[in-house]
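Topology and contacts: notes
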Amino acid sequence: MTSQSAFDEHRYNASVTQTLPQFWARFGGLPDVAGKHVLDFGCARGGMVHTMLAAGASSAAGIDINPDYITFANAKHGPQWGERAKFICGDVREEALEPADIITSCNVMEHVTPLPETLGALVQKAKPGGEMFIGFSPLWHSPYGHHRLMETRMPWAHLPRANRAFLDRLVDDEGKSPETIQELGFNGAAPADFRAALKGLPVEVISARRNVAAHPLKQLAMKAMLIPSIIPAFEKYVTIGIYWHLRRTK
């Protein structure tokens, strides 16, 4: 096994044993997927597709723009699930996909650009009445929104000087730093931007929660952190994650 293969296996195992169970705990547990077709947006190495099929979905598809993820996912899951699992490398705005009974997306939306067009295209991939479980964190302006790409324990250390405190630390072989966080895959969207992207889409909001944790004590701490968000200007700095449960209406 190559070092890259070992890394991919490690990240995949962490996804299915840690990230995804925590994701579903924030929604109160797995939905009933028996006999349904599931679409996972930003599928990475295929952990969600595997989880849904193991839970009884009749079929599941994953879409991601990273070809290496798709190659890994096909090799990992093809032998076990055959035609029930499908992985597509492409842009959800451009791909013709089978309409889904359930759409999932874990920790992807904070990276997506353009946000309104992509979210609108994703909703269109759901069947009328289909449900969507979309959760994402950490948001860019939250204490560690840099996704731990900075070696610091100081919250919000990446934001000073219009993000230059973060960007100037990332120097390539030619001594150059990125000009924007978008070059690195962060959209920099605030909670208000996500709400605006959702507005006007054919969806019923079953729940829209912020800073959700599975452990009761951590949940109290996460909710307490939101208290300053009563002042609109502070909201983006204290919102770590957003968790939407939606249903397409038409």
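Each remark here, short or long, concerns the structure printed above.
Residues numbered from 1 in each chain as written. Predicted model: local features only at pLDDT ≥ 70, side-chain atom pairs only at ≥ 80, totals over all residues. Heavy atoms only, no water.

**A few points about the pattern of salt bridges**
Applying the stated criterion across every chain yields a total of 10 salt bridges. Of the charged contacts in the structure, one is a salt bridge between R161 and D168, with a shortest N-O distance of 3.2 Å. Within this structure, R161, R164 and D168 form a network of salt bridges that share partners. (Salt bridge = Lys/Arg side-chain N within 4 Å of Asp/Glu carboxyl O.)

**Observations regarding the packing of aromatic side chains**
Summed over the entire model, instances satisfying the criterion amount to 13 aromatic pairs. An angle of 75° between the planes, with centres 5.5 Å apart, marks the rings of F136 and W244 as edge-to-face. Linking F136 in strand 5 (residues 126–136) with W244 in strand 7 (residues 242–248), this pair joins segments that are 108 residues apart in sequence. Take F136: its relative accessible area is 0%, and that puts it in the buried class. The exposure class of W244 is buried, given its relative accessible area of 3%. Seen from their ring centres, W140 and F186 are 5.0 Å apart, and the 45° between their planes marks the pair as tilted. Here the residue W140 occupies a position in the loop between strand 5 and helix 5 (164–167), and F186 occupies one in the loop between helix 5 and helix 6 (191–198), the gap between them amounting to 46 residues. By the burial criterion, W140 is buried, and F186 matches it. Through successive ring pairs, a cluster of aromatic residues spans F23, W24, F27, F133 and Y243. (Phe/Tyr/Trp six-rings, centres within 6.5 Å; stacked < 30°, edge-to-face > 60°. Helix = DSSP H or I, 4+ residues; strand = E, 2+ residues; numbered from the N terminus. Buried < 20%, exposed > 50% of the residue type's maximum accessible area, 1.4 Å probe, protein only.)

**As for the sheet that holds strand 3 (residues 85–89)**
In space, the seven strands of this open sheet follow the order 3-2-1-4-5-7-6, with mixed pairing throughout. Both outer strands of the open sheet, strand 3 and strand 6 (203–210), are each paired with one neighbouring strand and no more. Going from strand to strand, the sheet's axes swing by 15° on average, the running direction of each strand aside. Sheet topology places strand 5 next to strand 7; six bridges connect them, and they run antiparallel. Within strand 7, the position partnered with M132 by the bridge is L246. With respect to the sheet, helix 2 (residues 47–54) is in contact with strand 1 (37–41), strand 2 (59–64), strand 3 and strand 4 (100–106), its orientation differing from that of strand 2 by roughly 170°. (Pairing = 2+ DSSP bridges. Axes fitted to C-alpha atoms, helices over the stretch in contact; angles between N-to-C directions. Contact = heavy atoms within 4.5 Å.)

**Observations concerning the nonpolar core**
Counting residues in each nonpolar core, the largest one holds 31 residues, and the members touching the most others are M109, I134, F194 and W244. Broken down by element, the residue count for this core peaks at five residues, all from helix 4 (residues 115–124). The contact partners of W244, leaving out residues within four places of it in the chain, are F27, L119, M132, F133, I134, F136, F194, L198, S207 and A208. One finds V33, L53, I70 and F133 within the second-largest nonpolar core, a separate group that totals 23 residues. (Core = buried A, V, L, I, M, F, W, Y, C linked by side-chain atoms within 4.5 Å.)

**Focus on the side chain of S105**
Structurally, S105 is set in strand 4. For S105, the side chain forms a polar contact with the main-chain oxygen of F41, separated by 3.2 Å. Filtering out sequence-adjacent residues up to four positions away, S105 remains in contact with F23, D40, F41, F133, I134 and G135. (Polar contact = N/O pair within 3.5 Å; in protein donor to acceptor, adjacent residues only side chain to side chain.)

**What about the pairing of strand 5?**
Two faces belong to every sheet, and in a regular strand the side chains alternate between them. Sheet topology note: the strand 4/strand 5 ladder contains six bridges and is parallel. When the bridges of strand 5 are listed, S105 appears paired with I134. Between strand 4 and its parallel partner strand 5, the chain crosses via helix 4, and the hand of that crossover is right-handed. (Right-handed = clockwise from strand over helix to strand, strands pointing away.)

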